[in-house]
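Here is what each chain is made of, one letter per residue.
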Amino acid sequence: MRIIVDTAHPANVHYFKNFIFEMKKKGHSIFITARNKDISFKLLKDYGLDYYDMGTGIIGKGIIGKILYVIYAVFLMLKQFIKFKPEIVISFSSSYAAHACFLYGIPHITFEDTEHAKANILLYKFFSDMIITPNSFYENLGKNHFRMNSFMELFYLHKNRFIADNSNLKKLGFDLSKPFVLFRFVSWQAFHDIGQKGLSLSDKVELIKYCSKFYNVYISSESDDLPDEIKKYNLAIPATEIHNVLYFASIYIGEGGTMASESAVLGTPAIYINSLPLMGYLQNAKSNNLLFHLSDYDEIVNCINKIRNTDLKEIDRNLSKFLENKIDSTAFLIWLTEKYPNSKKLLINDIEYMNKFR
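Because the structure is predicted, anything quoted here is derived from the model rather than measured. (Residues numbered from 1 in each chain as written. Predicted model: local features only at pLDDT ≥ 70, side-chain atom pairs only at ≥ 80, totals over all residues. Heavy atoms only, no water.)

Let us look at the overall build of the protein. Per the secondary structure count, the protein includes 16 helices and 12 strands. In terms of overall size, the protein behaves like a compact globule, its C-alpha atoms giving a radius of gyration of 20 Å where 358 residues would be expected to give roughly 21 Å. If you line up the protein on its principal axes, its C-alpha atoms span 60 × 45 × 40 Å. For the protein, the proportion of contacts with a sequence separation of at least 24, taken over those separated by at least 6, is 60%. Accessible area of the protein: about 15900 Å², with a carbon and sulfur share of 51%. (Helix = DSSP H or I, 4+ residues; strand = E, 2+ residues; numbered from the N terminus. Rg over C-alpha atoms; globule rule 2.2 N^0.38 Å. Contact = heavy atoms within 4.5 Å. Areas by Shrake-Rupley, 256 points an atom, 1.4 Å probe, with all protein chains shown as cover.)

Quick look at the structure:
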């Protein structure tokens, strides 16, 4: 089978890496298209995966620049379709992949978990054969919308896919004898980030100073312009180690929803700082007391102190409830792709069939 997997964000590389590895082992031909976002290319190289460069995701400035990119990316995809001759395309929320598939006449299976990305959803919704979301997704995306009892993060952090290992962290200089906090700051350049904000720079600095009284502090940032007084905390490790960092952290504090969800899935309490309303999967983590959605400095400090005094057994109980009966998303996608389109027909008649992939 000839399959194209589109990756438009570093998280997408994590979503689909195990699918790619296993499908290749099974003898399928996989072609990866990748957008140059943050550390996407570095991740692909670290995992030994070849890819085709789809550019940066914007031509010019603002919304117009993003729309122009979609048109340009459709053209690039079609060029690769003609060369590679794919039978199916897998993506996460890729409008240009959807349009290219529609024009070329092949199925597009896409995943989505971001309810407020309404503009982008509208761009691909009518051109995709299947749109698969977590069952916590609260929007209805139409007749081709299917819900799975899982989260995107369980593509790579499900118990069948991830075993935490701190051996490399020790080699990289982590002092694991003292608890640590991971901060995550985003660039606010994503389509759905327009008009949104996180903490002020001064509040970030003060928060890091406060946490350093009780924890070692590490920062993961999409921007390089950190103030001099906190640059020393900037994280310099291979990107492939970030989930081990999240697993062994005592708290995650950040503006990134993906890392907040990853932390919750790994049992690390997450303080998510963002002015956007919570997506369904994050609301699910919040309802299980694994995620706190805050934006006020004093509230964040109070939450840090609350987490410091929480019994670890209580966190474990919350995690067990949160992950109860969740499926192995990678195993599900392998079956769905190999058996397509019969797999789609089966799910239309029996959506519970996907729950066998645990």
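That covers the picture; the talk isn't over yet.
With that settled, consider unusual backbone geometry. Here Tyr-340 and Pro-341 are connected by a cis peptide whose omega angle stands at 5°. Note on placement: Pro-341 falls in the loop between helix H15 (329–338) and helix H16 (342–349). The phi dihedral of Ser-93 falls on the positive side, at around 55°, and the residue is not glycine. By the secondary structure assignment, Ser-93 is in the loop between strand S4 (88–92) and helix H4 (95–104).

Now for the sheet that holds strand S6 (residues 130–134). Strand order in the open sheet formed by seven strands is S3-S2-S1-S4-S5-S6-S7, and the pairing between neighbours is parallel. Each edge of the open sheet carries a strand with a single partner, namely strand S3 (52–53) and strand S7 (145–148). Where S4 meets strand S5 (residues 108–111), four bridges bridge the pair, whose relative direction is parallel. Bridge assignment links Ile-90 to a residue of S5, and that residue is Ile-109. (Pairing = 2+ DSSP bridges.)

Taking 1.5 Å of rise per residue, the 12 residues of helix H13 (residues 297–308) would be expected to cover 16 Å, and the 17 Å separating its terminal C-alpha atoms lies within 8% of that figure. Ile-300, Val-301, Cys-303, Ile-304 and Ile-307 are the residues of H13 that are buried. For H13, the buried positions fall inside an angular range of 160° around the axis, keeping them on one side. Among the exposed residues of H13, those oriented more than 90 degrees off its buried face are Asp-298, Asn-302 and Lys-306. Along its buried surface, H13 packs onto helix H8 (201–211), strand S10 (251–254), strand S11 (270–272) and strand S12 (291–293). (Expected span 1.5 Å × (residues − 1). Buried < 20%, exposed > 50% of the residue type's maximum accessible area, 1.4 Å probe, protein only. Arc of directions from axis to C-beta.)

We now examine the nonpolar core. Within the largest apolar cluster, 73 residues are counted, with the highest numbers of intra-cluster contacts made by Phe-111, Phe-332 and Leu-336. Here this core gets seven residues from one element, more than from any other, and that element is helix H1 (residues 10–25). Every residue in contact with Phe-332, bar those within four places of it in the chain, is listed here: Ile-132, Met-148, Ile-327, Leu-347, Met-354 and Phe-357. Residues Tyr-215, Ile-219, Ile-271 and Val-301 belong to the second largest nonpolar core, which totals 26 residues. (Core = buried A, V, L, I, M, F, W, Y, C linked by side-chain atoms within 4.5 Å.)

Packing of H1 against H15 leaves a shortest axis separation of 9 Å and a crossing angle of 50°. On the basis of the axis angle, H1 is oblique to H15. Two packed elements cross with a definite hand, and for H1 against H15 that hand is right-handed. Within the contact between the two elements, H1 uses Phe-16, Asn-18, Phe-19, Glu-22 and Met-23 and H15 uses Thr-330, Leu-333, Ile-334, Thr-337 and Glu-338. (Axes fitted to C-alpha atoms, helices over the stretch in contact; angles between N-to-C directions. Parallel < 35°, antiparallel > 145°, perpendicular 65-115°, else oblique. Left-handed = near helix turned anticlockwise from the far one by under 90°.)

This next bit is on the sheet that holds strand S8 (residues 180–185). If you walk across this open sheet you meet the five strands as S9-S8-S10-S11-S12, and the pairing is parallel. Since the sheet does not close on itself, it has two edges, and those belong to strand S9 (216–221) and S12, each with one partner. The average angle at which neighbouring strand axes cross in this sheet is 20°, direction not considered. This element, helix H11 (residues 257–266), spans S8, S9, S10, S11 and S12 of the sheet and lies at about 160° to S11.

Interpretation in functional terms is not warranted from these geometric data alone.
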